[in-house]
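Residue strings, one per chain:
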Amino acid sequence: MSLFSRQPLSCRMKTMKTAPADKSSPVVEKPFWLNFDFQVRRYGFVLLLLIVVAALCGIFSKGYLSDSHLSNTNGSLSLHYEKFNRLMSDADMKIVSVSSPGDRNRIIFGGDFMESFRVDSLQPQPDKMYSLNGEMIIEYDKPTAGAQQTLWLSLTPMKAGLIKSTIAVDGGPDITFRQIIYP
């Protein structure tokens, strides 16, 4: 049958969209849906493959893309943390501070830290730990001037979304860091 036949357009469109069933195949196949199924499978496989590669690289939690290291401007504080975490799962943080001469070494966590995280473990144990004006303050007694102190925190994210926190030592320059917490 030719497209230029004298049949009305609606009849010609029906014959183009539906292939007639022959005696060996009782199902009427519609080329549109067959093509649609093929495209969904092809692009769905590529999308699934991209998600798996992103997960292996650490876009959803621990991994190469998630690990981050920051330092403040004068080098007295450095932070190693994960940029991507999941709600209610373990998150680790390592803080290295160089103490200044004085009575106490104070590490101050600000921003959204207090509202967004639960501190599960803190090593070494501080001499004092308290909150003041929405900040968490950890104090250690009389460190040697210029000595390096390492603090390990095990945290549980309690709030999903973009979390912006700050950390500082003894009122020195602070480090602002962002984390994405997936639900």
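Everything discussed here concerns the structure shown above.
In this text, all values refer to a predicted model and were calculated from it rather than measured experimentally.

Chemist: Explain the nonpolar core to me, and be specific about the residues and the numbers.
Modeler: Judged by nonpolar contacts, the single largest core of 23 residues is most densely connected at Leu79, Met93, Ile95, Phe109, Leu151, Leu153 and Ile167. Contributing elements (two or more residues each) for this core: β2 (77–82), β4 (91–98), β5 (104–111), β6 (117–123), β8 (135–141), β9 (148–157), β10 (161–169) and β11 (175–182). When sequence neighbours within four positions are dropped, the list of residues in contact with leucine 79 reads Ser68, His69, Leu70, Met93, Lys94, Ile95, Ile167, Ile175 and Phe177.

Chemist: Account for helix α2 (residues 31–57), naming residues and giving values.
Modeler: If you check α2, its first and last C-alpha atoms are 39 Å apart, about what 27 residues at 1.5 Å a residue would give, namely 39 Å. The first or second residue beyond α2 is glycine 58, which carries a positive phi of 105 degrees.

Chemist: For unusual backbone geometry, give the residues involved together with the corresponding values.
Modeler: Most peptide bonds are trans, and most residues other than glycine sit at a negative phi. For the bond from glutamine 123 to proline 124, the omega torsion is -5 degrees, close enough to zero to count as cis. Within the secondary structure layout, proline 124 lies in the loop between β6 and β7 (128–132). Its identity as a non-glycine residue notwithstanding, methionine 88 has a phi of 65 degrees, on the positive side. Of note, methionine 88 is situated in the loop between β3 (84–86) and β4. With phi around 55 degrees, asparagine 133 is a residue other than glycine that occupies positive phi space. By secondary structure assignment, the location of asparagine 133 is in the loop between β7 and β8. A residue is classified by how much of its surface remains accessible, and asparagine 133, at 73% relative accessible area, is exposed.

Chemist: Explain the side chain of serine 89 residue by residue, including any values.
Modeler: With respect to the helices and strands, the residue serine 89 is situated in the loop between β3 and β4. What makes serine 89 buried here is its relative accessible area of 14%. In this structure the side chain of serine 89 is engaged in a polar contact, spanning 2.8 Å, whose partner is the backbone oxygen of arginine 86. Beyond its immediate chain neighbours, meaning those up to four positions away, serine 89 contacts Leu155, Thr156 and Pro157.

Here is what the cut-offs are and how they apply
- Numbering of residues begins from 1 in every chain and follows the order in which that chain's sequence is written.
- Local features in a predicted model are, by the rule used here, given only for residues with pLDDT of at least 70; side-chain atom pairs are given and counted only at 80 or more, and totals for whole chains, interfaces and linings are based on all residues.
- Side-chain numbers come from the whole structure's heavy atoms, not from hydrogens or water.
- Take the buried Ala, Val, Leu, Ile, Met, Phe, Trp, Tyr and Cys residues and link them wherever side-chain atoms come within 4.5 Å; each set so joined is a nonpolar core.
- Note on exposure labels: buried denotes an accessible area under 20% of the residue type's maximum, exposed denotes more than 50%, and partly exposed covers the range between, all computed with a 1.4 Å probe on protein chains only.
- Working definition: helices are DSSP H or I runs of at least four residues, strands are E runs of at least two. Numbering for both runs from the N terminus.
- Any two residues having at least one pair of non-hydrogen atoms within 4.5 Å are treated as being in contact.
- Expected span of a helix, by definition, is 1.5 Å for each gap between consecutive residues, and there is one gap fewer than residues.
- Pairing of N or O atoms within 3.5 Å defines a polar contact, subject to two protein rules: one partner must be a possible hydrogen donor and the other a possible acceptor, and residues neighboring in sequence count only if both atoms are side-chain atoms.

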